[in-house]
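What follows is each chain in one-letter form.
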Amino acid sequence: MKLLTKTTLNYLSVTLFVFLFGIIAFYYQLRHQVNQNIKIELEKRKSSIINQLLSAHSSVVTPPNQNEKVIISLLKEVPSPQLSFYDTLFYDYTAKKYVPFRQLGFVASFNHTDYYIQIFKSLEETDNLIVRIFLIMAVLVILIIITLLITVRQTSLRAWKVFYDTIKKINSYDINSHHDFSLSPSDVKEFDDLNRVLIAMTDRIKKDYSNMKEYTENASHEIQTPLAIINSKMELLLQSQNLDEKQFKAVADAYEASNRLSKLNKTLLLLAKIENRQFPESKSISPQTLINAQLETLEDLIVSKKIKVVRKYEEGVVLYMNPYLAEILFSNLVKNAIRHNLTEGELSIQISSGLIRISNSGTELKIDQKSLFERFNKQSSSPESVGLGLAIVQKICDVYDFNVSYLYEHNMHKFSIDYRNSR
Amino acid sequence: MKILIIEDEKNLSDSIVEYLVEEGHICEAVYTYDKAVEKIELYEYNCIVVDINLPDGNGLDIITRVKKSTKSPGIIIISARNSLENRIEGLDIGADNYLTKPFHLAELNAHLKSIHRRINFSGNEQLIVNEIKILHNEHMVFVHNKEVKLTKKEFELLMFFISNKNKVITKSGLAEHLWGDYMDMADTFDFIYTHIKNLRGKLLKEGCSDYIRTVYGVGYKFDLSSFTNS
């Protein structure tokens, strides 16, 4: 749950609870107070009526206003006189509806006769008042809750926006990326601090990383010249007529080893350059043309291995990438498919919009498929193989956001390049 | 051919000179930019082999200088920097080839031979090695005047062998010549074996002597020394 949702929910439930009970308590308190007032008023009128009765010989007085109505009857004529307060309804002819009244019944003696006297007080106005006050209160409370809620949410949203932005940026942070890493400024101190610390951290990491990378690249470059010297000296030595067989073998082995080192070094430099995006210029490339050219160069080998080539080309498929990298990419895949093919096997090339698949016959791999594209991962223990071919394929695909995948199905190794999401 | 080698690494320069002198070239080596400029002003060369990173200057400037003059020697760049821009820039200002260090001496030699052919015969020469006759431009090969149909790679292979005849040529040297830099060597070794087997078969079929010798553990040799008329 997001922090904002959590605080909002907490806030909402607490305020609702408090206000709900507050309103109920308020209502009863108000009601009670009003009742009390009516009671006091009726009591007052009771004593005034008794006084009037004592001083005047009046009988039943029925003023038009119900509030001032007084019913005086002989006590014995009333079968069950209700003494003290109770509520009743009267029909109001002007308003044409029943109106609640509070009535006070009491007994007063006059000339040795007991009279049962009822006086009334309308509850309608006070009821209306209570309801109205209550309604106003309720609306006010709801309004307050809503405005508070909106304000709090909006403020938080604005404040947290920077935080979410930071999270998003860190999530997609790529140390190899060549874009500047920047975070939006915030007016909240904590977030500003966080951003500052994060930027300082990424800067430091980036600096360390690029230092290290620079170091390895420089080392690789510097290794080239000594390697060139070693190789050239060995090559000269190999031409010498005076070596006996044992010496020749020793020189040959050393020469092969230094050659492997050169190859490895060159390939690692290439990988580093691909990673550094040092092949910027892109053009429209036709994969058909490139793959056909590769197949033509490798025709002798295809013939000698009796490989059947199946081409399923869709017309007009175009890739937008660096021509040099495109050549390396497809040549690596095609050569791979020929080398690991069986005699009289099949090499199938499928080019359609969004997907290029190069498949070859072969037995199942013994290594993990996921590690296939990792550096120095090779199945054969062949010493000549440096195991970087597919790592290069992967790196090139990374540059262009191609998705390269491997699948073993129906005795075929299938390498697919999905370029639907490419830039 | 008269060749000027501009390379600041003396050890490497010595190796190049030794290999090329054996091939019958006349070589001069200089180790600095200034010396190179001086030599170019004073003498004529058929070919210049130049390193880009010199202690006191840029090899590319030397090429520009040569191209401005009336002389037109072949130019081969050797550089530790294998950047595409450098390569393109080098070729743009008029270099014939660009080799990345470390390179095979046999490869350098093959490039020099091809420059030699371009300068001397404009490519239209007949190359005759004993019973083998090669029409380079037409990509045609004859053995005892009978045409042998070779594939493109087989032709390249034969040319490379003949350019470096009587020399031990390593498998990796062959591989890089035929397939370029970035290929897993395990691939190429299988491939080379196939190519050589096919080439040898085609040549032998027309009655050609078996010049291609396997040098155990290293590579091959196009050996004319044990045959007459070499």
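From a predicted model like this one, the values you see are computed outputs, not experimental measurements.

A. Broad picture of the overall build of chain B. Secondary structure assignment for chain B yields eight helices and 14 strands. Across the 230 residues in chain B, those meeting the buried criterion constitute 43%. Across chain B, every contact between residues at least 6 apart in sequence was considered, and the portion connecting residues at least 24 apart equals 57%.

B. How the structure looks around the overall build of chain A. On a plain count of helices and strands, chain A comes out with eight helices and 11 strands. Expressed as a percentage of its 423 residues, the buried residues of chain A come to 20%. The contacts of chain A with a sequence gap of at least 6 include a subset with a gap of at least 24, amounting to 62%.

C. Local environment of unusual backbone geometry. Cis geometry marks the peptide bond from K101(B) to P102(B); its omega dihedral reads -5 degrees. By the element assignment, P102(B) lies in the loop between strand 7 (97-100) and helix 5 (105-121). Notably, H410(A) is not glycine yet its phi reads approximately 50 degrees, a positive angle. Relative to the helices and strands, H410(A) resides in the loop between strand 10 (403-409) and strand 11 (412-418).

D. Looking closely at the interface of chain A and chain B. Of the residues lining the interface, 41 residues belong to chain A; the matching set on chain B comes to 37 residues. Only helix 3 (189-239), helix 4 (245-275), helix 6 (299-304) and helix 7 (323-339) of chain A provide two or more residues apiece to the side of chain A that touches chain B. Residues of the side of chain A that touches chain B, tallied by class, amount to 14 nonpolar, 15 polar and 12 charged.

E. Examining the environment of L42(A) more closely. Residue and element names in this part refer to chain A. Looking at the element boundaries, L42 is found in helix 1 (residues 3-55). With 17 C-beta atoms counted inside 10 Å, the residue L42 sits in the partly exposed group. When the C-alpha positions of L42 and F120 are compared, they lie 7.5 Å apart, and in sequence the two are 78 residues distant. Setting aside anything within four residues of it in sequence, one finds L42 in contact with R102, L104, I119 and K121.

F. Representation of the sheet that holds strand 8 (residues 346-352) of chain A in the model. All names here are of chain A. Strands sit in the order 6-8-9-11-10 across an open sheet of five strands; the sheet is mixed. Edge strands, defined here as strands with exactly one partner in the open sheet, are strand 6 (308-313) and strand 10. Between one strand axis and the next, the sheet turns by 10 degrees as a mean value, whatever way the strands run. Here strand 6 pairs with strand 8 via six bridges, running parallel. For R311, the partnering residue across the bridge sits in strand 8 and is I349. Against the sheet, helix 5 (residues 287-297) makes contact with strand 6, strand 8 and strand 9 (355-361), and its axis sits at roughly 165 degrees relative to strand 8, the strand it touches most.

G. Looking closely at helix 2 (residues 33-42) of chain B. Residue and element names in this part refer to chain B. Buried residues of helix 2: Y33, A36 and I40, and no others. Relative to the axis of helix 2, the buried residues are bounded by an arc of 60 degrees and lie together on one face. More than 90 degrees from the buried face of helix 2, the exposed residues found are E38, E41 and L42. Close packing links the buried residues of helix 2 with strand 1 (2-6), strand 2 (26-30), strand 4 (53-54), strand 5 (57-58) and helix 3 (59-68).

H. Layout of the packing of helix 7 of chain A against helix 8 (residues 389-399) of chain A. Residues and elements named next belong to chain A. Contact geometry of helix 7 with helix 8 gives a least axis separation of 9 Å together with a crossing angle of 140 degrees. The angle between the axes of helix 7 and helix 8 places the two elements in the oblique class. You can see that helix 7 and helix 8 cross each other, and the crossing is left-handed. On helix 8, the residues that touch L325, I328, L329, N332, L333 and N336 of helix 7 are G389, I392, V393 and I396. Taken together, the residues that form the contact of helix 7 with helix 8 break down as seven nonpolar, three polar and no charged.

I. Seen up close, the environment of F227(B). Residue and element names in this part refer to chain B. For F227, the position within the fold is in the segment after strand 14 (219-222). Among the residues examined, F227 registers 12 C-beta atoms within 10 Å and is labelled exposed. If near-sequence neighbours (up to four positions away) are discounted, F227 is found in contact with N130 and S209.

J. Inspection of the sheet that holds strand 1 of chain B at higher detail. All names here are of chain B. The sheet built from five strands is open, its strands ordered 2-1-3-6-7 with parallel pairing. Of all the strands in the sheet, the pair left with one neighbour each is strand 2 and strand 7. Neighbour-to-neighbour, the strand axes of this sheet turn through a mean angle of 20 degrees, independent of strand direction. Where strand 1 meets strand 3 (residues 47-51), four bridges bridge the pair, whose relative direction is parallel. Counted as the bridge partner of I6 is V50 from strand 3. Relative to the sheet, helix 3 contacts strand 1, strand 3 and strand 6 (74-79), its axis offset from that of strand 3 by approximately 155 degrees.

K. Looking closely at the pairing of strand 8 of chain A. Residues and elements named next belong to chain A. Residues L347, I349 and I351 point to one face of strand 8 and are all buried, whereas E346, S348, Q350 and S352, pointing to the other face, are not buried. As judged from the six bridges shared by strand 8 and strand 9, these two strands associate in the antiparallel manner. Residue pairing across strands places I351 opposite I356, the latter belonging to strand 9.

L. Region of the structure containing the nonpolar core. Within the largest apolar cluster, 108 residues are counted, with the highest numbers of intra-cluster contacts made by V393(A), I396(A), I3(B), I6(B), I48(B) and V49(B). The element that contributes the greatest number of residues to this core is helix 7 of chain A, accounting for nine residues. Apart from residues no more than four positions distant in its own chain, V393(A) is found in contact with L329(A), N332(A), L333(A), F373(A) and V404(A). With six residues, the next largest nonpolar core counts F101(A), I117(A), I119(A) and F120(A) among its residues.

What counts and how
- Here the residue numbers are simple positions, counted from 1 along each chain's written sequence.
- Key to labels: chains lettered from A, ligands numbered from 1, both in the order written.
- Given that this is a predicted model, residues contribute local features only at a pLDDT of at least 70 and side-chain atom pairs are listed and counted only at 80 or more, while totals for whole chains, interfaces and linings are drawn from all residues.
- Where helices and strands are cited, they refer to DSSP runs of H or I of at least four residues and of E of at least two residues respectively, numbered from the N terminus.
- Any residue whose C-beta has 12 or fewer other C-beta atoms within 10 Å is treated as exposed, any with 20 or more as buried, and any in between as partly exposed, C-beta atoms being built from the backbone.
- Contact between two residues is assigned whenever their backbone-derived C-beta positions fall within 7 Å.
- Following the grouping adopted for this structure description, the nonpolar residues are Ala, Val, Leu, Ile, Met, Phe, Trp, Tyr, Cys and Pro, the charged ones are Asp, Glu, Lys and Arg, and the polar ones are all others, Gly among them.
- For two strands to be treated as a pair, DSSP must find at least two bridges joining them.
- Between N-to-C directions, angles cover 0 to 180 degrees, with each direction set by a line fitted to C-alpha atoms, over the stretch in contact for helices.
- Taken from the helix axis, the directions to the C-beta atoms give the arc we talk about.
- Each angle receives one of four descriptions, namely roughly parallel if under 35 degrees, roughly antiparallel if over 145, roughly perpendicular if within 65 to 115, and oblique otherwise.
- Crossing handedness is defined as follows: a turn of the near helix away from the far one that is anticlockwise and smaller than a right angle gives a left-handed crossing, while the clockwise case is right-handed.
- We define a nonpolar core as a collection of buried residues of the types Ala, Val, Leu, Ile, Met, Phe, Trp, Tyr and Cys that are connected via C-beta atoms lying within 7 Å of each other.

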